[in-house]
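Residues per chain are reported as follows:
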Amino acid sequence: MVDANTAYTVDDVRRVMPALDAFDVSWLEEPFPAHDYRSYREARSFGSTPLAAGENHYTRFEFDRVIEDGAIRILQPDVSKSGGITEVQRIAAMASAYKLLIHPHTSATGLNMSASLHVLSAIDNGGYFEADVAKENLFRDELTDRPDLLDAEGCVRAPDGPGLGLEVDEGFLKAHPLIEGPGYV
């Protein structure tokens, strides 16, 4: 899997696609900004590596267009940005009708990771779980329990406690107050 983080032009994708195909890359993630539908439509014909996007698309109404266009074949809604667990379940249901998998984008907090695991556990077209592998991440390591840890079988499972199944450290929240401006957890 390769993430371009919206930094590619159409010509960049045209140049890299043969190498991505040759190395059997699973997908090219976000080569263009989320709403550059024209570039996604053009680039889908450059090779067989699927295009992925969704972390910057919001609600089922935006995903309806993404699915209908057919250029983006790997869907990555972010529970924190796409309208929550229920909205991502709605997106997954629409995608299921087109036999598309949901690989949720996951921000790097224990809250988002747990919510993503619960979504993946509840849908019939769940794909990969995206975990944060940063060496240090206070919002993953100290805000909550670690929902991303592997069990004895090498799997990660949704926590089974009440709600998201996590304990939130209220003291950590007080020590790290909200900063005004755009953001998500």
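Refer to the preceding data block for the structure.
About the criteria used
- Residues numbered from 1 in each chain as written.
- Predicted model: local features only at pLDDT ≥ 70, side-chain atom pairs only at ≥ 80, totals over all residues.
- Heavy atoms only, no water.
- Helix = DSSP H or I, 4+ residues; strand = E, 2+ residues; numbered from the N terminus.
- Expected span 1.5 Å × (residues − 1).
- Bend = angle between axes of the 7 residues up to and from the residue.
- Contact = heavy atoms within 4.5 Å.
- Phe/Tyr/Trp six-rings, centres within 6.5 Å; stacked < 30°, edge-to-face > 60°.
- Lys NZ or Arg CZ within 6 Å of the ring centre and 35° of its normal.
- Core = buried A, V, L, I, M, F, W, Y, C linked by side-chain atoms within 4.5 Å.
- Buried < 20%, exposed > 50% of the residue type's maximum accessible area, 1.4 Å probe, protein only.
- Pairing = 2+ DSSP bridges.
- Right-handed = clockwise from strand over helix to strand, strands pointing away.
- Salt bridge = Lys/Arg side-chain N within 4 Å of Asp/Glu carboxyl O.
- Axes fitted to C-alpha atoms, helices over the stretch in contact; angles between N-to-C directions.
- Parallel < 35°, antiparallel > 145°, perpendicular 65-115°, else oblique.
- Left-handed = near helix turned anticlockwise from the far one by under 90°.

Remarks on helix α1 (residues 10-22)
Here is step 1: Relative to the 18 Å expected for 13 residues at 1.5 Å per residue, α1 spans 19 Å between its end C-alpha atoms, a close match to the ideal helical length.
Here is step 2: Of all the bends in α1, the greatest, near 40°, is centred on V16, and the proline P18 appears no more than four residues after it.
Here is step 3: The inward-facing, buried residues of α1 abut β1 (2-3), β2 (28-29), α2 (37-43) and β3 (51-53).
Here is step 4: Positive phi appears at D24, one or two residues downstream of α1, with a value of about 55°.

What to know about the packing of aromatic side chains
Here is step 1: Applying the stated criterion to the full structure yields three aromatic pairs.
Here is step 2: Here F32 and Y40 contribute two aromatic rings whose centre-to-centre distance is 5.1 Å and whose plane-to-plane angle is 90°, an arrangement assigned as edge-to-face.
Here is step 3: Positioned above the aromatic ring of Y37 is the side chain of R65, whose terminal nitrogen or guanidinium carbon lies 3.9 Å from the ring centre.

Some points on the nonpolar core
Here is step 1: One finds V13, Y40, L75 and I102 to be the most contacted residues of the largest nonpolar core, which totals 30 residues.
Here is step 2: When contributions to this core are tallied by element, the ones reaching two or more residues are α1, α2, β3, α3 (59-69), β4 (72-75), α4 (84-97) and α5 (110-122).
Here is step 3: Once residues lying within four places of it in the same chain are set aside, the contact partners of Y40 are E30, P31, F32, P33, A34, L51, A52, A53, A71 and I72.

Observations concerning the pairing of β4
Along any regular strand the residues' side chains alternate between the sheet's two faces.
Here is step 1: Pairing of β3 with β4 involves three bridges; the strand directions are parallel. Considered in β4, the bridge of A53 is made with L75.
Here is step 2: The β-α-β motif built from β3, the intervening α3 and the parallel element β4 has right-handed crossover chirality.

Some details on the pattern of salt bridges
Here is step 1: All chains considered together, the criterion is met by 13 salt bridges.
Here is step 2: The residue R146 makes a salt bridge to D141 at a minimum N-O spacing of 3.1 Å.
Here is step 3: Notably, a salt bridge pairs D151 with R157, separated by 2.8 Å at the nearest N-O pair.
Here is step 4: In this structure, a network of salt bridges that share partners links the residues D132, R140, D141, R146 and D148.

Considering the packing of α3 against α4
When two helices pack together, you describe them by how their axes are tilted relative to each other and by the distance separating the axes.
Here is step 1: The interhelical angle for the contact between α3 and α4, taken along N-to-C directions, is 20°, at an axis separation of 9 Å. Between α3 and α4, the interaxial angle falls into the category roughly parallel. Handedness of the crossing formed by α3 with α4: right-handed. Contact residues: T59, R60, F63, D64 and I67 in α3; E87, R90, I91, M94 and A95 in α4.

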